[in-house]
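Residue-level listing of the chains:
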Amino acid sequence: VTANLLDFEPQRFYQGLAEVGGAAESGDRLGAALAVGNFDDNSGTDLAVGIPGEDAARGAVVTLYSASGCPGLGFMVPVEFDQDSFGMLDEREDGDAFGSELAAGDFAGDVADDLAIGVFGEDVEGQAEAGAVQVVYGLPTSGLIPQNNQFWTETLADAGGFTEEGDHFGEALAAGDLDGDFIDELAIGAPAEDVSFHPDAGAVTVLRGTSALGLTNNNSTHFDQSGVVDGETLGDFDNFGYSL
């Protein structure tokens with residue numbers, strides 16, 4: 001039997017509800033970023049919600065899980081985590097904006113989806129707002145496990161880009177199977193990257209997904225506008241990679 005969508009009551013979520021947890025505060029920006037995925041490999045689809053303004057813009061993410069036989073979300077205990085959660089690499093700092101961008105994909109080829117989290121305000125190697133991406137891996141039946149995570153900077157991606165002040169690496173994210181091996185890759189935008197003396201020309205890095213390691217910098221790629229369209233030239237403030 002195919003259910004009519006009109007048969008389901010719409011749901012409205014905000015911090016302070018039992019289905020979400022936390023407390024609503026000015027400037028939290030719950031829902032500034034969203035990603036849909038099956039993080040625990042059950043029969044339903046789950047929703048990751050970014051809260052980049054949480055706690056002086058340190059940021060957080062809450063995951064709302066579906067439950068078999070129950071329409072909608074929030075029938076299982078929500079999972080909220082941030083950079084200070086147990087096992088997470090790095091730590092929370094004012095202005096990081098953890099959760100400002102989200103992308104879901106199966107980066108490890110284990111059926112359960114994983115979550116890439118943009119932290120474009122992250123200071124890296126003394127460079128203010130260089131940006132970073134944190135990836136939390138999902139496990140069948142368990143869902144997203146903060147202890148099972150990676151922390152990527154432009155330098156760690158090791159694809160020709162370098163960590164610089166104000167690059168905003170991770171301000172845009174997109175996941176998909178880009179090489180046809182049934183494991184997803186992650187594209188990461190750094191729209192404020194300076195390229196060949198052009199300020200904020202922008203660049204994109206792609207990390208490859210593998211069944212053994214998840215996302216890896218092996219065979220990662222880094223490109224800017226000059227390498228995408230024949231004859232296209234770099235320009236100041238083009239912000240290539242602003243949206244993916």
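Within every chain, residues take consecutive numbers counted from 1 along the sequence as written. Where local features are concerned, this predicted model is filtered to residues with pLDDT of at least 70; where side-chain atom pairs are given and counted, the filter is 80 or more; whole-chain, interface and lining totals use all residues. To obtain the side-chain values, all non-hydrogen atoms of the structure were included, while hydrogens and water were left out.

### A word on the overall build of the protein
Turning to step 1, where the next piece is worked out: Only DSSP runs of H or I reaching four residues or more are called helices, and only runs of E reaching two or more are called strands; each is numbered from the N terminus. Per the secondary structure count, the protein includes 2 helices and 12 strands.
Turning to step 2, where the next piece is worked out: Relative to a compact globule of 244 residues, whose C-alpha radius of gyration would be 18 Å, the protein shows 18 Å and is just as compact.
Turning to step 3, where the next piece is worked out: When its C-alpha atoms are laid out on the principal axes, the protein stretches across 55 × 40 × 35 Å.
Turning to step 4, where the next piece is worked out: Residues classed as buried in the protein amount to 48% of the 244 residues present.
Turning to step 5, where the next piece is worked out: Only heavy atoms matter for contacts: two residues are in contact if any of them lie within 4.5 Å across the pair. Once local pairs closer than 6 in sequence are excluded, the contacts in the protein between residues at least 24 apart make up 51%. Note on method: radius of gyration uses C-alpha positions; expected globular size equals 2.2 Å times residues raised to 0.38. The buried label applies to any residue whose accessible area, calculated with a 1.4 Å probe on protein chains only, is under 20% of its type's maximum; exposed applies above 50%, and partly exposed to all values in between.

### Notes on the packing of aromatic side chains
Turning to step 1, where the next piece is worked out: Note on aromatic pairs: the rings of Phe, Tyr and Trp (six-membered ring only in Trp) are paired at centre separations within 6.5 Å, and the planes decide the class, stacked below 30 degrees, edge-to-face beyond 60, tilted for the rest. Overall, the coordinates contain 2 aromatic pairs when judged by the stated rule.
Turning to step 2, where the next piece is worked out: Geometrically, the ring pair formed by Phe 81 and Phe 98 is edge-to-face, given 6.5 Å between the ring centres and 75° between the ring planes. Taken together, the positions of Phe 81 in strand β4 (residues 79-81) and Phe 98 in the loop between β4 and β5 (101-105) put the pair 17 residues apart, joining distant regions of the chain.

### Quick notes on the pairing of strand β11 (residues 203-210)
Turning to step 1, where the next piece is worked out: For β11, the tally of buried residues reaches 6 of 8 residues, placing the bulk of the element in the interior.
Turning to step 2, where the next piece is worked out: Any two strands with at least two DSSP-identified bridges between them are counted as paired. With 6 bridges joining them, β11 and strand β12 (residues 214-223) adopt antiparallel strand pairing. Among the inter-strand pairings, Gly 209 is bridged to a residue of β12, identified as Leu 215.
Turning to step 3, where the next piece is worked out: In textbook terms, the turn of a hairpin is the stretch between consecutive antiparallel strands, and for β11 and β12 this stretch comprises 3 residues.

### Some details on the sheet that holds β5
Sheet strands line up and pair through hydrogen bonds in the backbone, either parallel or antiparallel.
Turning to step 1, where the next piece is worked out: Strand order in the open sheet formed by 4 strands is β5-β6-β7-β8, with antiparallel pairing between adjacent strands. Strands with a single pairing partner mark the edges of an open sheet, and in this sheet they are β5 and β8 (143-152). Recorded for the sheet is a direction-independent mean angle of 25° between the axes of neighbouring strands.
Turning to step 2, where the next piece is worked out: Two elements, strand β7 (residues 132-139) and β8, share 7 bridges in a ladder whose sense is antiparallel. The residue of β8 that forms the bridge with Leu 139 is Gly 143. Axis definition: a line fitted to C-alpha atoms, limited for helices to the stretch in contact. Angles are taken between N-to-C directions and run from 0 to 180 degrees.

### Looking at the pattern of salt bridges
Turning to step 1, where the next piece is worked out: Whenever a carboxyl oxygen of Asp or Glu lies within 4 Å of a side-chain nitrogen of Lys or Arg, that contact is scored as a salt bridge. The tally for this structure, following the rule as stated, stands at 3 salt bridges.
Turning to step 2, where the next piece is worked out: With a shortest N-O distance of 2.7 Å, Asp 94 and Arg 58 are connected by a salt bridge. Note that Asp 94 is positioned in the loop between β4 and β5 and Arg 58 in the loop between α1 (54-57) and β3 (60-64), a separation of 36 residues in sequence.
Turning to step 3, where the next piece is worked out: Asp 82 serves as the salt-bridge partner of Arg 92, at 3.7 Å between the closest nitrogen and oxygen. Of the two residues, Arg 92 is situated in the loop between β4 and β5 and Asp 82 in the loop between β4 and β5; the sequence distance between them amounts to 10 residues. Neither residue differs from the other here; Arg 92 and Asp 82 are each classed as buried.
Turning to step 4, where the next piece is worked out: Among the charged side chains, a network of salt bridges with common partners joins Asp 55, Asp 82 and Arg 92.

### So, the side chain of Asn 38
Turning to step 1, where the next piece is worked out: On the secondary structure map, Asn 38 appears in the loop between β1 (34-37) and β2 (46-51).
Turning to step 2, where the next piece is worked out: Note on Asn 38: relative accessible area 19%, which makes it buried.
Turning to step 3, where the next piece is worked out: Of the polar contacts made by the side chain of Asn 38, one reaches the backbone nitrogen of Asp 41; its length is 3.0 Å.
Turning to step 4, where the next piece is worked out: In protein, a polar contact means a hydrogen-donor-capable atom and an acceptor-capable atom, both N or O and within 3.5 Å, with residues adjacent in sequence counting only if both atoms are side-chain atoms; elsewhere, any N or O pair within 3.5 Å suffices. Within the structure, Asn 38 has its side chain in polar contact with the backbone oxygen of Asn 42 (distance 2.8 Å).
Turning to step 5, where the next piece is worked out: Excluding anything up to four places from it in sequence, Asn 38 contacts Gly 44, Asp 46, Val 111, Ala 112 and Asp 113.

### A short note on the sheet that holds β11
Turning to step 1, where the next piece is worked out: Taking strand neighbours across the sheet as the criterion, the 4 strands line up as β9-β10-β11-β12 in an open arrangement whose pairing is antiparallel. Because the sheet does not close on itself, it has two edges, and the strands there are β9 (172-176) and β12. Sheet twist, expressed as the mean angle between neighbouring strand axes with direction ignored, is 20°.
Turning to step 2, where the next piece is worked out: In the sheet, β9 pairs with strand β10 (residues 185-190) via 5 bridges, with the strands oriented antiparallel. Each bridged residue has a counterpart across the sheet, and for Leu 173 the counterpart in β10 is Ile 188.

Keep in mind these values describe shape, not function.
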